[in-house]
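Structural overview
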Amino acid sequence: MDSIYRFNAQLASGENFSLESLQGKTALIVNIASKCNFSVQMASLEKLYQEYKQQGFTVLGFACNQFGHNEPLDGNELQAFYKQHFDVSFPIFNKVLVNGPEAHPLFNYLKCHTRGIAQNRAIKWNFTKFLINSKGQLVARYAPRTKPETLKMVIESNLNDETGLIQCAKV
């Protein structure tokens, strides 16, 4: 079965993180940037994480500097910033590219399985969100303007969905 479990990524702390460790969890993968106007969403993402983490939900924040050079921070600076400004406790990953020939394989996988604005596969800006079910399969893609709190119902339905069926993607 095709899933995100075959990928690894480097946490901001420098540690390697195997996405295989997410088996059985519902996840929201987000490309983030500290200087982006959408960074205020970090507080809402943390609130979602706190509300649903005991039920098997997590958020994964992947720093990205591809859009407007909005992520000047690296490594431990990333963790410190997001902790200090948004009290984030979910995993923050080191900077990745989400588009182009050097894009992280996870984001190539996510783009291959969904389309965004105007049916384009490319990620257009920071805070694009990808919902993953407990089987590691992509459920939906959400635009940067989509507020995290509006995803509660779809998160709850995936936490309660034992079938593992992929639902229709939303952009």
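As a reminder, the structure under discussion sits directly above these lines.
Throughout what follows, the structure given in this document is the object of discussion.

Each value, and the rule that gives it
Residues numbered from 1 in each chain as written. Predicted model: local features only at pLDDT ≥ 70, side-chain atom pairs only at ≥ 80, totals over all residues. Heavy atoms only, no water. Helix = DSSP H or I, 4+ residues; strand = E, 2+ residues; numbered from the N terminus. Buried < 20%, exposed > 50% of the residue type's maximum accessible area, 1.4 Å probe, protein only. Contact = heavy atoms within 4.5 Å. Areas by Shrake-Rupley, 256 points an atom, 1.4 Å probe, with all protein chains shown as cover. Pairing = 2+ DSSP bridges. Polar contact = N/O pair within 3.5 Å; in protein donor to acceptor, adjacent residues only side chain to side chain. Phe/Tyr/Trp six-rings, centres within 6.5 Å; stacked < 30°, edge-to-face > 60°. Arc of directions from axis to C-beta. Salt bridge = Lys/Arg side-chain N within 4 Å of Asp/Glu carboxyl O.

When you go through the chain residue by residue, the secondary structure sums to four helices and seven strands. When the helices and strands of the chain are read in sequence order from the N terminus, they spell out β-β-β-α-β-α-β-α-β-β-α. For the chain, with 171 residues in total, the buried portion stands at 52%. In the chain, the share of contacts with a sequence separation of at least 24, taken over all contacts with a separation of at least 6, comes to 69%. Taken as a whole, the chain presents about 8300 Å² of accessible surface, with 51% of it coming from carbon and sulfur.

Relative to the helices and strands, Leu-48 is located in helix H1 (residues 41-52). A relative accessible area of 3% places Leu-48 in the buried class.

Here the focus is the sheet that holds strand E4 (residues 57-63). What the five strands build is an open sheet, ordered E5-E4-E3-E6-E7; its pairing is mixed. A strand with exactly one partner marks an edge of an open sheet, and here the two such strands are strand E5 (92-93) and strand E7 (138-142). Pairing of strand E3 (residues 26-32) with strand E6 (residues 129-132), which is carried by four bridges, proceeds in the antiparallel orientation. In the sheet register, Val-30 faces E6, and the bridge partner there is Lys-129.

Relative to the helices and strands, Val-139 resides in strand E7. Expressed as a C-alpha distance, the spacing of Val-139 and Ala-27, which sit 112 residues apart in the sequence, is 9.9 Å.

Along the chain, Asn-31 falls in strand E3. Separated by 3.2 Å, the side chain of Asn-31 and the backbone oxygen of Trp-125 make a polar contact.

Take the packing of aromatic side chains next. The description of an aromatic ring pair uses the distance of the two centres, along with the angle that the planes make with each other. On inspection of all chains with the given rule, the structure shows 11 aromatic pairs. The interplanar angle of 75° and the centroid separation of 6.0 Å between the aromatic rings of Tyr-49 and Phe-90 together place this pair among those described as edge-to-face. Note that Tyr-49 is positioned in helix H1 and Phe-90 in the loop between helix H2 (75-86) and E5, a separation of 41 residues in sequence. Given a relative accessible area of 4%, Phe-90 falls into the buried group. Between Phe-62 and Phe-107, the ring centres sit 5.3 Å apart and the planes meet at 85°, which makes this aromatic pair edge-to-face. Taken together, the residues span a long stretch of sequence, with Phe-62 in strand E4 and Phe-107 in helix H3 (residues 105-112) at a distance of 45 residues. Just as Phe-62 is buried, Phe-107 falls in that class too.

Within the sequence span of helix H4 (residues 152-160), burial applies to Val-154, Ile-155, Asn-158 and Leu-159. Summarising the axial view, the buried residues of H4 lie within an arc of 140°, below the 170-degree limit, and thus occupy one face. Seen from the buried face of H4, the exposed residues on the opposite side, beyond 90 degrees, are Met-153 and Asn-160. On its buried side, H4 packs onto E3, H1, E4, E6 and E7.

In this fold, Thr-58 is placed in strand E4. Taking the relative accessible area as the measure of exposure, Thr-58 reaches 6% and is therefore buried. Sequence-distant contacts of Thr-58, that is, excluding residues within four places in its chain, are made with Leu-22, Thr-26, Ala-27, Leu-28, Tyr-49 and Pro-91.

Within this structure, the stated rule accounts for four salt bridges. Across the pair Arg-6 and Asp-2 runs a salt bridge, and its minimum N-O distance is 3.4 Å. Look at Asp-2 and you get partly exposed, because its relative accessible area is 37%. We note a salt bridge from Lys-152 to Glu-51, for which the minimum N-O separation is 3.1 Å. Note that Lys-152 is positioned in helix H4 and Glu-51 in helix H1, a separation of 101 residues in sequence.

Function cannot be inferred from these measures alone, as they are strictly geometric.
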